[in-house]
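Fold and contact review
One-letter residues, chain by chain:
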Amino acid sequence: METVKIKKTAFNATHHLLGAKMVDFAGYEMPVQYRGINHEHEIVRNNVGVFDVSHMGEILIQGKEALSLIQKITSNDAAKLFPGKVQYSCMPNDTGGIIDDLLVYMISKDDYLLVVNASNIKKDLNWIHGQNSFDAQVSNISDSISLLAVQGPKAEKVLQKLTDISLKDMEYYTFTIGELARVPNALVSSTGYTGSGGFEIYMENKYAAHVWGALFEAGKEEGIEPIGLGARDTLRLEMGYCLYGNDIDDYTSPLEAGLGWITKFNKDFVHSGFLKIQKEKGVSKKLVGFEMADKGIPRHGYEIWNESHEIIGTVTSGTMSPTLKKAIGMGYISVENSAAGNEIFINIRNKPTKAIIVALPFINVK
């Protein structure tokens, strides 16, 4: 049997040097934590932290009909993009589920960058190639790109020391290509998955170590720290952001997942007819957030019960919220049971554990 070789990002040696706890994540050896998940979570909420997210996939779509291909494979309306604009979207499959959620960057009229989840790179590429009947070229550049997410309320102050790009003038979900820490053609994007503000930096692998060092030197006064994937998960869950493989997958529709806002029916895309009918008829289940009223942490796959102990849904994500100091979770639940304020019960070791459905996000970040 062929042994699958685990991949390493350009920052791998640095993570080991810093004493990170490393895990296999989507085929990559990645840091799950350095000084502890709760500590790192608070650093991002209050100061500034740096995530290595170089495992994410980068796919270029270029050519005269690049936009036509993107319009076919994604649910959002990419025709609204302009150079320097980013769009959150998803790729529906031919049964109404989600192949992946992704970011679409418009670099120029015939030049787009798709940023996809690490675990889905091969699947996404196969799907895109299969749908490509257009004059468009598809290139996987994932292995040549390093990506850092600099997140937190002090991220702008730190990064501005390293670039002439006016970061305060960058609107949310826009990007600029320019010089950063003397590195040419860095793509600086006002995006992130923490809810605490900040930027993401795309660069060639050969500049990775230099940029990491420059960031931590520039951020000394602000108490900058490296952050692992553990805190990335607690941060995104407090904001009610979906994680592919947990909250969305090939069997959940964007409408069920509360992603109707990125599902635009003013254009035709893969299986848009099915989703349009689903929207008109209404979904039978929906993704909701809940806070635990009793002690216990909800985990992915746990059953959700009503007061009669009948199964009405399934937990998709759950954790102890470092901000709220209580356990929170998300899950799919039958629509008739999904109103905010409703009592539900999570089956934790065959014991009904009370929870209350709440509106998302769980916290409001200034």
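Quick caveat, the model's predicted, so the values are computed rather than measured. (Residues numbered from 1 in each chain as written. Predicted model: local features only at pLDDT ≥ 70, side-chain atom pairs only at ≥ 80, totals over all residues. Heavy atoms only, no water.)

1. Topic: helix H2 (residues 37–46)
This is how the line gets drawn: Only protein chains enter the accessibility calculation, which uses a 1.4 Å probe; a residue whose area is less than 20% of its type maximum is buried, one above 50% is exposed, and one in between is partly exposed. Note on conventions: DSSP H or I runs of at least 4 residues are helices, E runs of at least 2 residues are strands, and numbering of each starts at the N terminus. Contacts were defined at the residue level, with two residues in contact if any of their heavy atoms lie within 4.5 Å.
Buried residues of H2: Glu40, His41, Ile43, Val44 and Arg45, and no others. Taken together, the buried residues of H2 touch strand S3 (28–33), strand S4 (49–52), strand S10 (145–151), strand S14 (225–227) and helix H7 (229–238).

2. Side note on the layout of surface pockets
Under the convention used in this document: Buriedness for pockets is judged along seven lines, at least five of which must meet protein on both sides within 12 Å for an open set on the 1 Å grid over protein atoms alone, while cavities are sets there where a 1.4 Å probe fits but cannot get out, and lining residues have an atom within 4 Å of a point. Grid points are joined across faces, edges and corners, and a volume is the space filled by probe spheres set on the points. Three categories are distinguished: nonpolar for Ala, Val, Leu, Ile, Met, Phe, Trp, Tyr, Cys and Pro, charged for Asp, Glu, Lys and Arg, and polar for the others, with Gly belonging to the last.
Of the pockets and cavities examined, the largest pocket occupies roughly 710 Å³. Together, 34 residues line the largest pocket, and Met56, Asn117, Tyr193, Arg232 and Leu243 are the ones closest to its centre. Listing elements by their share of the lining of the largest pocket, those giving two or more residues are strand S2 (21–25), strand S7 (98–108), strand S8 (111–116), strand S13 (198–204) and H7. Of the residues belonging to the lining of the largest pocket, the class tally is 21 nonpolar, 8 polar and 5 charged.

3. Brief notes about the sheet that holds strand S16 (residues 303–305)
Rules: The pairing criterion is simple: DSSP has to find at least two bridges between the two strands. All axes are obtained by fitting lines to C-alpha atoms, using only the stretch in contact for helices, and the reported angles, taken between N-to-C directions, cover 0 to 180 degrees.
The sheet built from 6 strands closes into a barrel, its strands ordered S15-S18-S17-S16-S19-S20 with antiparallel pairing. Going across the sheet, the axis of each strand differs from the next one's by a mean of 45°, ignoring polarity. Bridge count between strand S19 (residues 343–348) and strand S20 (residues 351–358): 6 bridges; the pairing is antiparallel. Within the sheet, the bridge partner assigned to asparagine 347 lies in S20 and is proline 352. Running over the sheet, H7 touches strand S17 (311–321) and strand S18 (326–334) and is turned about 120° from S17.

4. Examining the packing of aromatic side chains
Just so we agree on the cut-off: Put simply, two rings from Phe, Tyr or Trp (the six-membered ring, in Trp's case) pair if the centres are within 6.5 Å, and we call them stacked under 30 degrees between planes, edge-to-face over 60, tilted for the rest. A ring has a charge above it when a Lys NZ or an Arg CZ is no more than 6 Å from the ring centre and no more than 35 degrees off the ring normal.
On inspection of all chains with the given rule, the structure shows 8 aromatic pairs. Both rings, one in tyrosine 88 and one in tryptophan 261, keep their centres 5.8 Å apart while their planes meet at 25°; by these two values the pair is stacked. Here tyrosine 88 is found in strand S6 (residues 86–92), whereas its partner tryptophan 261 is found in the loop between H7 and helix H8 (272–281), with 173 residues between them in sequence. In this structure an aromatic cluster arises from ring pairing among Phe11, Trp212 and Phe216. Its end group placed over the ring of tyrosine 332, lysine 285 keeps NZ or CZ at 5.0 Å from the ring centre.

Note that every value here comes from positions in space, so none of it alone points to a role or purpose.
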